Amino acid sequence: MTEPTRNPEPNPIDPAVEAALASSRAARAEALLEFARIPSVSTQPEHASDMVAAAEWAAARLRGVGATEVEVIRTDLHPIVYGKIHEAPGAPTVVVYCHYDVQPVDPIDLWETAPFVPFLRDRRFVGRGVADDKGQLVMHLAALEAMRAAGRSPAVNLTFVFEGEEEFGSESLFHWIPQNRDRLAADVVVISDTGYFEGNVPAITVALRGIMYAQIDVELSPVDLHSGMYGGSVENPAIALARIVAALKGPDGRVRIPGFYDDVVPLTDADRAEMAALPFDEEAFRVATGVPALVGEAGWTILESRTARPTLDVNGIWGGFQGDGAKTIIPAHAHAKVSTRLVADQSPQKVFGALRDYVSQVAPPGVKVTTTYIHGGEGSLTPTDHPATQAAARAIRAVEGVDPVYIREGGSIPVTAAFDHVLGLPVVLVGFTQPNDNAHAPNEWFDERNFEAGTRVIVRLWDELAALPRGTEG
Ligand code: BES
Ligand code: ZN
């Protein structure tokens, strides 16, 4: 893989804003470190007050850059932060979305430093959330601070929506969006929660996968049974669960649930050619991942299998005796967390129904099996030639000196489809992290060079979007 020659524009952003950015580098880094010190782990109830603290932190910063109507909106769970800078009459309005929640830190013993004592060393930020997604949220705030220092307003109207439930399905925001159409009236949505391609190649994400997350519970009896007294006369729930799980996916990587592939948008030859042209080195990816071999879906490349095709995984499986030594029991119950990654047009609810029916069909007799929906979100697909996508491409080109590649990502940002389907807004996914940044894993990091360049891309993006033809979002 050869790095493309980079040739940025001499003055990609207003020199006064550049001067403000140059003199605020330490302060902007400190802002990220301060934010990342708040342990806003959205899935752990003991962090509920940290969630409020993180939301308040972001709201205070928004007020600091002159945003109006700034509000920390209480929900059934974690607050939504809202605010706007509408100072460009007649110009397009952009909803800016980021999330302030982070993933849990376990396994904690694999962290080389404490996850919530973030630091910047050798141009790398390290700590939980520095990349996913606090770094990117801070970049948006920092871009505005620099513009203010230079006495400028953004050339578009900006409406900010920061949420705290992204890492487990965005339920509160799903309720809030349809009830707040007025507050969200806009021309386009910009989401910064993705990143560059392998090798730190600037990228715009044009597709995300959706998700359907469920739990399978297999119950035999109220308590564990003596395996000598009962073995041979009852079904073993762990074996029953293993049979069910084994039936879900074949060795060819195909999901066996009837109807699973029904609504999958086919990849065209052109889509496949575009993906094949990306600088993706399978062997380098395998080595970096640390696995003995890559296993994709039969008939599809690894890159296609992990970004553009739907799939199914077991996220956790448990039941019975797990201690040292031996214990002769038939476990009372066994459980599995199962999730599917979906592509555009697959419905999480429909896929859940198909999973539930199939599980009851393949479940052996003698145990009680239930399948429960946990959360879901649809995938998304944005046309590469959309004017907003092209505006983002010009901003990247100006600052980074190369055209971005257009990529599909295997991960999910559940609310993307809601902006698209509920509000009818085009979504541009512009993010700046590197693909091997250990998001969700120990020792998460974010390269300060990406932080710096990305902040300038954001500044330029508002200028590029100002020229967006209005009312032609489609
Ligand atoms: N930032 C990620 C989404 C992402 C992952 C984008 C990989 C690009 C590449 C986001 O914070 C995330 O992890 N989302 C969850 C959502 C889920 C829990 C509903 C995910 O994909 O697992
Ligand atoms: Zn994220």
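The notes below deal with the structure included here. Within each chain, residue numbers correspond to sequence positions counted from 1 in written order. Here the convention is simple: chains get letters from A, ligands get numbers from 1, in the order in which they are written. Residue-level local features of this predicted model are given only where pLDDT is at least 70; pairs of side-chain atoms are given and counted only at 80 or more, and the full residue set underlies all totals for whole chains, interfaces and linings. Heavy atoms throughout the structure, all of them, feed into the side-chain values; hydrogens and water do not.

## Details of the coordination of the zinc ion (ligand 2)
Nitrogen, oxygen and sulfur within 2.8 Å of a metal are treated as its donors, or within 3.2 Å for sodium, potassium and calcium (Na, K, Ca); water is not counted, so a site can appear incomplete. Around the zinc ion (ligand 2), the protein contributes the donor atoms H99 (NE2), D132 (OD), D193 (OD) and D193 (OD), at 1.8 to 2.7 Å from the metal centre. Considering all six donor atoms around the zinc ion (ligand 2), the spread of angles at the metal, 53 to 160°, places the coordination shape in the irregular class. Working rule for geometry: tetrahedral if four donors all subtend angles between 85 and 135 degrees; square planar for four, octahedral for six, if opposite donors exceed 155 degrees and the others stay between 65 and 115; irregular in every other situation.

## Quick word on the pairing of strand β1 (residues 68-73)
Bridge analysis of β1 against strand β2 (residues 80-85) gives four bridges, and the strand direction is antiparallel. Counted as the bridge partner of V72 is V81 from β2. Whether two strands pair comes down to DSSP finding at least two bridges between them. Put simply, DSSP marks the helices as runs of H or I at least four residues long and the strands as runs of E at least two long, and each gets a number from the N terminus on. Connecting β1 to the next strand, β2, in antiparallel fashion are six residues.

## With respect to the nonpolar core
Among the buried residues, those of types Ala, Val, Leu, Ile, Met, Phe, Trp, Tyr and Cys that are joined through side-chain atoms within 4.5 Å form a nonpolar core. We call a residue buried when its accessible area falls under 20% of the maximum for its residue type, exposed when it is over 50%, and partly exposed in between, using a 1.4 Å probe and counting protein chains only. Core analysis: the biggest nonpolar cluster contains 67 residues, and V94, Y100, F162, W462 and L465 have the highest contact counts within it. If you look at the next biggest cluster of nonpolar residues, it comprises 29 residues, including A240, V245, Y261 and F352.

## What about the site of ligand 1?
To be near a molecule or strand, a residue needs just one of its heavy atoms within 4 Å of it. In the vicinity of ligand 1 lie 16 residues, with E166, D193, R341, S412 and H440 positioned nearest. We call two N or O atoms a polar contact when they sit within 3.5 Å, provided that within protein one can donate a hydrogen and the other can accept it, with sequence-adjacent residues counted only if both atoms are side-chain atoms. One nitrogen or oxygen atom from the side chain of H99 is found 3.2 Å from an oxygen atom belonging to ligand 1. The contact in question runs from an oxygen atom of ligand 1 to an N or O atom on the side chain of R341, over 2.8 Å. Protein contacts shield 84% of the accessible area of ligand 1, which totals 510 Å² for the unbound molecule. Methods summary: accessible areas were calculated by the Shrake-Rupley approach with a probe of 1.4 Å, and residue burial reflects only the protein chains presented.

## Things to note about helix α4 (residues 134-149)
Take the residue count of a helix, subtract one, and multiply by 1.5 Å to get its expected span. If you check α4, its first and last C-alpha atoms are 22 Å apart, about what 16 residues at 1.5 Å a residue would give, namely 22 Å. Buried residues dominate α4, accounting for 13 of its 16 residues. Where α4 terminates, the next one or two residues include G151, which has phi positive at roughly 75°.

## Focus on the environment of D133
Mapping D133 onto the fold places it in the loop between β5 (124-126) and α4. Classification of D133 by relative accessible area gives buried; the value is 0%. For the pair D133 and Q103, spaced 30 residues apart in sequence, the C-alpha separation works out to 10.0 Å. Throughout, a residue-residue contact means that at least one pair of heavy atoms, one from each residue, lies within 4.5 Å. Apart from residues lying up to four places away in sequence, D133 is in contact with C98, H99, S192 and D193.

## Considering the side chain of E444
For E444, the location among the structural elements is in the loop between β17 (427-429) and β18 (445-447). Of the residues examined, E444 reaches a relative accessible area of 1% and is grouped as buried. From its side chain, E444 meets the backbone nitrogen of A131 in a polar contact 3.1 Å long. At 2.8 Å, the side chain of E444 forms a polar contact with the backbone nitrogen of D132. In this view, E444 contacts W111, F125, V126, G127, R128, G129, V130, A131, D132, D437, N438 and A439; residues no more than four positions away in its chain are not counted.

## Overview of helix α1 (residues 15-23)
Those residues of α1 not exposed but buried are V17, A20 and L21. Taken around the axis of α1, the buried residues stretch over an arc of 100°, which confines them to a single face. Among the exposed residues of α1, those pointing more than 90 degrees away from its buried face are P15, A22 and S23. Its side-chain oxygen 2.8 Å from the backbone nitrogen of A16, D14 forms the N-cap of α1. An arc is given here, and it is the one of the directions from the helix axis to the C-beta atoms.

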